[in-house]
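Descriptive analysis of the structure
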Amino acid sequence: MVRTLGGPDTDRMEALSDGVFAIVLTLLVLQFEVPDVSASELPAAVADQETLLVSYLLSFVVVGLYWIIHHNLFRYIEAHDRILLWLNLLFLLSISFLPYPTELMGVYGTQFAWTLYAVNFILVGLLLTAVWTYAARADFTADEISDGTARLITIRGLISPAVFALSVVVATVSLSVAYFVPILIAPAQMVWNRHYQEVTDSRRSS
């Protein structure tokens, strides 16, 4: 099959992606406004922005995590075609939309706002996983990436979407608890890292 708009490198894809990540991380902080109140009312006005601060910090950390993951994945993706370009653009679309649900969460803090926020992160995770899965199946990855390793990396990409999907369910019972569900991403990643290391060590010794 002839691959159009393809090539043996991904430099421009990575440059565009880095630019979008930088803009999104900047836009996240622009949702804050200095309260127009008297000095005596300032502490209470700042305290009213607590939900906004929490949503900002969570978004910044998760977007930063996805930038690191995207960077690491493209260390092993060495070529591209039209389909991969579009998949990466769809991933960037989901990333660039994040400031909107983040501000909704900060301003309203309702179950609907959290659901929209979580669904956005679910799409981010699924689309980045689609980028990797397609690249691996199209043989655009480095020779050192075996089929087994590619599958393990795909599984890792589904951890965050699964956790945010769980948070949507939890939010129907307790919104305040749902805010803490994304913390589960960290131990889940640790379990995956341990399994990945065990599999890697086993293959090296065999």
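Rules behind the numbers
Residues numbered from 1 in each chain as written. Predicted model: local features only at pLDDT ≥ 70, side-chain atom pairs only at ≥ 80, totals over all residues. Heavy atoms only, no water. UniProt positions renumbered as here; feature names shortened; annotations may be inferred. Helix = DSSP H or I, 4+ residues; strand = E, 2+ residues; numbered from the N terminus. Buried < 20%, exposed > 50% of the residue type's maximum accessible area, 1.4 Å probe, protein only. Contact = heavy atoms within 4.5 Å. Expected span 1.5 Å × (residues − 1). Phe/Tyr/Trp six-rings, centres within 6.5 Å; stacked < 30°, edge-to-face > 60°.

For the protein chain, an unreviewed UniProt entry supplies the name DUF1211 domain-containing protein and the organism Natronorubrum tibetense GA33. The UniProt entry for the protein chain carries the following text under Subcellular location (unreviewed entry): "Membrane". Per its UniProt entry, the protein chain bears the Catalytic activity (unreviewed entry) comment "K(+)(in) = K(+)(out)".

Right, let's get into the environment of Thr-10. Position of Thr-10 among the secondary structure elements: in the segment before helix H1 (11-29). In this structure Thr-10 comes out as buried when scored by relative accessible area, which is 4%. Note: C-alpha distance between Thr-10 and Val-181 (171 residues apart in sequence) is 35 Å. With sequence-adjacent residues up to four places away left out, Thr-10 is seen in contact with Phe-74, Ile-77, Glu-78, Ala-79 and His-80.

In an α-helix, one full turn covers 3.6 residues, which means residues spaced three or four apart are oriented alike. Look at helix H8 (residues 159-171): 18 Å from first C-alpha to last across 13 residues, which is about the 18 Å you get at 1.5 Å a residue. For H8, the full list of buried residues reads Ile-159, Ser-160, Pro-161, Val-163, Phe-164, Ser-167, Val-168, Val-170 and Ala-171. On the buried face of H8, the contacting elements are helix H3 (50-73), helix H6 (111-137), helix H7 (147-157), helix H9 (175-178) and helix H10 (185-205).

Before going further, it helps to examine the packing of aromatic side chains. Counted by the stated rule, this structure contains nine aromatic pairs. For the pair Phe-97 and Tyr-100, a centre-to-centre distance of 5.5 Å together with 55° between the ring planes defines the contact as tilted. Using a relative accessible area of 46% as the deciding quantity, one classes Tyr-100 as partly exposed. Seen from their ring centres, Tyr-117 and Phe-121 are 5.2 Å apart, and the 85° between their planes marks the pair as edge-to-face. Separated by four residues within a single helix, Tyr-117 and Phe-121 lie in helix H6, roughly one turn from each other. One exposure class covers both Tyr-117 and Phe-121, and it is buried. Linked through ring pairs, Trp-114, Tyr-117, Phe-121, Phe-164 and Tyr-179 together constitute an aromatic cluster.

This next bit is on the UniProt feature "transmembrane region" (unreviewed entry) in the protein chain. Listed under "transmembrane region" (unreviewed entry) in the UniProt record, and renumbered for this structure, are residues 12-32, 52-71, 83-100, 112-136 and 157-185. The span residues 112-136 shows a helical share of 100% and a strand share of 0%, and its end C-alpha atoms are spaced 36 Å apart.

A few words now on unusual backbone geometry. At Asp-139, a residue that is not glycine, the phi angle is positive and equals roughly 65°. As for its position among the elements, Asp-139 is in the loop between H6 and H7. We classify Asp-139 as exposed; its relative accessible area is 63%.

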